[in-house]
Amino acid sequence: APPALTIEHIEVRYSAAGLWNGFLDELLVSGLRLRGSLGDDGLSLGALDVLLEGDAEGDSEGVAGLPARRIAVADARVELETPDGAVSLPFQVAVDDRGDGTLEGEASFELLHPQAEASGHASITGAPDDFEGTLQIQGSPLQTPALRIDSVLRAEATFRLRAGDLDVQVELPPVSVTAE
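As the structure is a computational prediction, the values presented were derived from the model and not from experiment. (Residues numbered from 1 in each chain as written. Predicted model: local features only at pLDDT ≥ 70, side-chain atom pairs only at ≥ 80, totals over all residues. Heavy atoms only, no water.)

Chemist: Explanation requested: unusual backbone geometry in the structure shown.
Modeler: Leaving glycine aside, a negative phi is the common case for residues, and trans is the common case for peptide bonds. The phi dihedral of D75 is positive, around 50°, even though this residue is not glycine. When you line up the elements, D75 lands in strand β6 (residues 68–82). (Helix = DSSP H or I, 4+ residues; strand = E, 2+ residues; numbered from the N terminus.)

And the structure:
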């Protein structure tokens, strides 16, 4: 089986002042490939499954600070095997640490599947545990053995995480759905 995670190129940019203060200036990653499966037992990333789990009590460590003022991932792709066929998710993402405890980031992605395709853009701003953002998605018509959606899917959402509570508001225009 191919490895669950490969990275083609990592570039680290640093300055004496950044290193003195305990961070890198930039961490640039390209050619990231993540492979896994999504089935009845949930998401599996093979040898990386331990990263999805918490400790023995079920707790995870929480979000640590970024190791660099800017982290950018380009030419990345997640490949998932599902019971309904392979899903490919090409994406790119960049997150900037503003130096005052806030982060600002943007991501763009595509979702490619034999039954449908979608693309989108997301942006966030705020602290790791207190942020807000937007998400825009546009998808192709969908046809499965049990369902058909003839119109292009468009959705916009805003989201906010405050004190552990996630608030999401989605705007979804009417879509024609036909049960087969």
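Chemist: What's the story with the environment of E156 in this structure? I'm lost.
Modeler: With respect to the secondary-structure elements, E156 resides in strand β13 (residues 153–162). By relative accessible area, E156 is classed as partly exposed at 49%. Separated by 17 residues in the primary sequence, E156 and P173 have C-alpha atoms spaced 9.4 Å apart. If we skip the residues at most four places from it in the chain, E156 touches L135, Q136, Q169, V170 and E171. (Buried < 20%, exposed > 50% of the residue type's maximum accessible area, 1.4 Å probe, protein only. Contact = heavy atoms within 4.5 Å.)

Chemist: What should I look at first to understand the packing of aromatic side chains in this one?
Modeler: Under the criterion given, the structure shown has one aromatic pair. Judged by centre distance (6.2 Å) and plane angle (80°), the rings of F131 and F159 are edge-to-face. On the criterion of sequence distance, the pair formed by F131 in strand β10 (residues 130–139) and F159 in strand β13 is long-range, its members being 28 residues apart. Taken as a pair, F131 and F159 share a single burial class, namely buried. In this arrangement the basic side chain of R69 is found over the ring face of F23, its NZ or CZ atom lying 3.8 Å from the centre. (Phe/Tyr/Trp six-rings, centres within 6.5 Å; stacked < 30°, edge-to-face > 60°. Lys NZ or Arg CZ within 6 Å of the ring centre and 35° of its normal.)

Chemist: Help me understand the pattern of salt bridges in this model?
Modeler: Inspection of the entire model under this criterion finds eleven salt bridges. We note a salt bridge from E132 to R160, for which the minimum N-O separation is 2.4 Å. Within this pair, whereas E132 is found in strand β10, its partner R160 is found in strand β13, the two being separated by 28 residues in sequence. The structure contains a network of salt bridges with shared partners spanning E11, R13, E26, R70 and D96. (Salt bridge = Lys/Arg side-chain N within 4 Å of Asp/Glu carboxyl O.)

Chemist: Even after reading the chapter, I still don't get the side chain of D97, so can you show me in this structure?
Modeler: Within the element layout of this structure, D97 appears in strand β7 (residues 85–97). Given the relative accessible area of 18%, D97 is considered buried. A polar contact is formed between the side chain of D97 and the backbone nitrogen of G99, at a distance of 2.8 Å. Residues within four places of D97 in sequence aside, it is in contact with L66, A68, R69, T102 and L103. (Polar contact = N/O pair within 3.5 Å; in protein donor to acceptor, adjacent residues only side chain to side chain.)

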